[in-house]
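Below are the chains, spelled out letter by letter.
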Amino acid sequence: MEQIVELIKNRDPEQFEFHQAVHEVIETVKPVLDRNPEYRQQAVLERITEPERVVMFRVPWMADSGQVVVNRGFRVEMNSAIGPYKGGLRFHPSVNLGIIKFLAFEQVFKNSLTTLAMGGGKGGSDFDPKGKSDAEVMRFCQSFMAELYRHIGPNTDVPAGDIGVGAREIGYLFGMYKKLKNEFTGVLTGKSLNWGGSLIRPEATGYGTVYFAAEMLSTRSETFEGKTCLVSGSGNVAQFTTEKLIELGGKVVTLSDSSGYIYDEAGIDSEKLHYVMQLKNIRRGRISEYADKYPEAVYTPTDPQLDYNPLWDHKAECAMPCATQNEINGVDAGNLLRNGVYVVSEGANMPATPEAIDQFIDNQILYGPGKAANAGGVAVSGLEMAQNSMRLAWPREEVDNRLKQIMKSIHATCLEAADGYGVSGNYMAGANIAGFVKVVNAMLDQGLV
Ligand code: NDP
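Residues numbered from 1 in each chain as written. Predicted model: local features only at pLDDT ≥ 70, side-chain atom pairs only at ≥ 80, totals over all residues. Heavy atoms only, no water.

**Comments concerning the sheet that holds strand 6 (residues 228–231)**
Strand pairing in a sheet is mediated by backbone hydrogen bonds. Such pairs are either parallel or antiparallel.
Next, step 1: Pairing in this open sheet of seven strands is mixed, and the strands run 9-8-7-6-10-11-12 from one edge to the other. Taken across any chain shown, the strands that pair with only one partner, and hence form the sheet edges, are strand 9 (298–301) and strand 12 (366–368). Strand-to-strand twist of the sheet, defined as the mean angle between neighbouring strand axes without regard to direction, takes the value 15 degrees.
Next, step 2: Sheet analysis places strand 11 (residues 343–345) next to strand 12, joined by three bridges and oriented parallel. (Pairing = 2+ DSSP bridges. Helix = DSSP H or I, 4+ residues; strand = E, 2+ residues; numbered from the N terminus. Axes fitted to C-alpha atoms, helices over the stretch in contact; angles between N-to-C directions.)

Right, here's the structure in full:
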């Protein structure tokens, strides 16, 4: 198995995040391979770590100034053993092939855990929507879709949002797809409600992350009532994680963006959260403005010299990282544990480094890995696809109940798989094993393709 990781590193030496994601999965599925010798003969690890298809393309667009700008677009179609490729699009300057491959790889296991028929994919661009006008974002999205439309479709590959891709971007992308294909189909999820979107889709990832954590807490007969929670990010996932935590009686004291974080000891209540939603979703402002509006809060700018993130260095019981990959390193994990945190539920994808995860697992805290804890978003995307094919829209309560049930079932599946392989209580191993076995068995059923 070490040889496989070496092979992957040698083949694409610069794809660090992908190596990290593969390493984490391979380490935990070793007992599954030991129990199923045919998996080795069928080279399932080699097959599952190689994308079925990678599309990379030029995205030229014109800035308001008349200047032509060229970005790079990606779509990684990782695995379609259990359904059409499904996974979000990320627009962020840090995007490269390694990042998209890591996200697509994680997506395969996550989608498998939802029990819905969705394979795994991911895409995006190094385009930065920050500071761009609506017209620039629209021209970029149209140019991006002018190539992507050939590779996707409601039964082939169904993208959604991720960092930098919200309702506005999904709208522009969908409009261009419809024009090019002359078809109104559920080719993207995260659509607005009045043209095919699902109720609860915007809330789903954040709510789901909290539902998963609530399930973990219930194994110790506890709830969120009165618990202090550290949340990072201030985008889609962070906002709805905060909303659900407030509803369940938790006290959220932090939010962040890439420029810095705010600490509000009194807690971010519904009114303050409403302000954050307006600030981020409509005015597209910075989280520092929160401390101008609410002077009791303290704003700390990001200091690139520090080898830790001070957001994770406050007294709390729960931490919900909802910003980006590798935002909790070994030092941060030590700080969290020292400050009393014993619930970590990952809204973001791969927010904890391997050093941080080792500490969570060694200390036997309730650690919910992203591929299980944040699967609520893609699960409701799957429900959006179902509603689109039936040309029906389910009421809010129905979608929310289904989301709750799915998160409950993912939680139970992780525990069961971990028990079955002698690593009881290890949600990360459970998620990897359960996701892996389902996908690999489907691949083997379908022959060598
Ligand atoms: P948004 O773009 O809505 O928000 C992202 C937030 O994270 C912003 O506050 C952003 O700050 C911050 N952020 C992004 N990159 C960095 C960075 N390099 N350093 C510090 N802060 C950063 O994205 P989402 O809320 O949709 O996504 C957040 C995470 O959740 C991602 O890991 C994503 O993959 C994951 N996720 C999202 C799902 C969804 O349904 N949207 C589903 C499952 C997982 P700034 O504005 O300054 O960039």
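**Considering the packing of aromatic side chains**
Next, step 1: Scanning the model with the defined rule gives 20 aromatic pairs in all.
Next, step 2: With centroids separated by 5.9 Å and ring planes inclined at 85 degrees, the aromatic side chains of F18 and F105 adopt a geometry described as edge-to-face. You can see F18 sitting in helix 2 (residues 16–35) and its partner F105 sitting in helix 5 (residues 97–113), a full 87 residues away along the chain. A single burial state applies to F18 and to F105, both of which are buried.
Next, step 3: Taken together, a centroid distance of 6.3 Å and an interplanar angle of 75 degrees make the contact between Y39 and F436 edge-to-face. Of this pair, Y39 sits in helix 3 (residues 37–41) while F436 sits in helix 17 (residues 427–445), and the two are 397 residues apart along the sequence.
Next, step 4: For Y39, a relative accessible area of 2% puts it in the buried group.
Next, step 5: What links up through ring pairs into an aromatic cluster is the set F57, W61, F91, F127, F140 and F144.
Next, step 6: Positioned above the aromatic ring of Y421 is the side chain of R35, whose terminal nitrogen or guanidinium carbon lies 3.9 Å from the ring centre. (Phe/Tyr/Trp six-rings, centres within 6.5 Å; stacked < 30°, edge-to-face > 60°. Buried < 20%, exposed > 50% of the residue type's maximum accessible area, 1.4 Å probe, protein only. Lys NZ or Arg CZ within 6 Å of the ring centre and 35° of its normal.)

**Some points on the side chain of T242**
Next, step 1: Locating T242 in the fold gives a position in helix 9 (residues 236–247).
Next, step 2: Reaching out from T242, the side chain makes a polar contact with the backbone oxygen of A238 at a distance of 2.7 Å.
Next, step 3: If we skip the residues at most four places from it in the chain, T242 touches V231, V252, L255, I268 and L273. (Polar contact = N/O pair within 3.5 Å; in protein donor to acceptor, adjacent residues only side chain to side chain. Contact = heavy atoms within 4.5 Å.)

**Some remarks on the packing of helix 12 (residues 330–338) against helix 13 (residues 354–362)**
Next, step 1: Orientation of helix 12 relative to helix 13, taken along the N-to-C sense of each, is 30 degrees, at an axis distance of 7 Å. When the interaxial angle is binned, helix 12 and helix 13 end up roughly parallel. Considering the relative orientation of helix 12 and helix 13, their crossing is right-handed. Across the interface between the two elements, G330, A333, G334, L336 and L337 of helix 12 pack against E355, A356, Q359 and F360 of helix 13. (Parallel < 35°, antiparallel > 145°, perpendicular 65-115°, else oblique. Left-handed = near helix turned anticlockwise from the far one by under 90°.)

**A closer look at the sheet that holds strand 2 (residues 68–79)**
Next, step 1: Strands sit in the order 1-2-4-3-5 across an open sheet of five strands; the sheet is mixed. Edge strands, defined here as strands with exactly one partner in the open sheet, are strand 1 (53–62) and strand 5 (157–160). The sheet shows a mean angle of 20 degrees between the axes of neighbouring strands, taken without regard to direction.
Next, step 2: Examined bridge by bridge, strand 2 and strand 4 (residues 120–125) share six bridges and lie antiparallel to one another. Counted as the bridge partner of F74 is G124 from strand 4.
Next, step 3: Lying over the sheet, helix 6 (residues 134–148) contacts strand 1, strand 2, strand 3 (85–91), strand 4 and strand 5, oriented at roughly 145 degrees with respect to strand 1.

Such coordinate-based values are descriptive only and should not be taken to indicate function.
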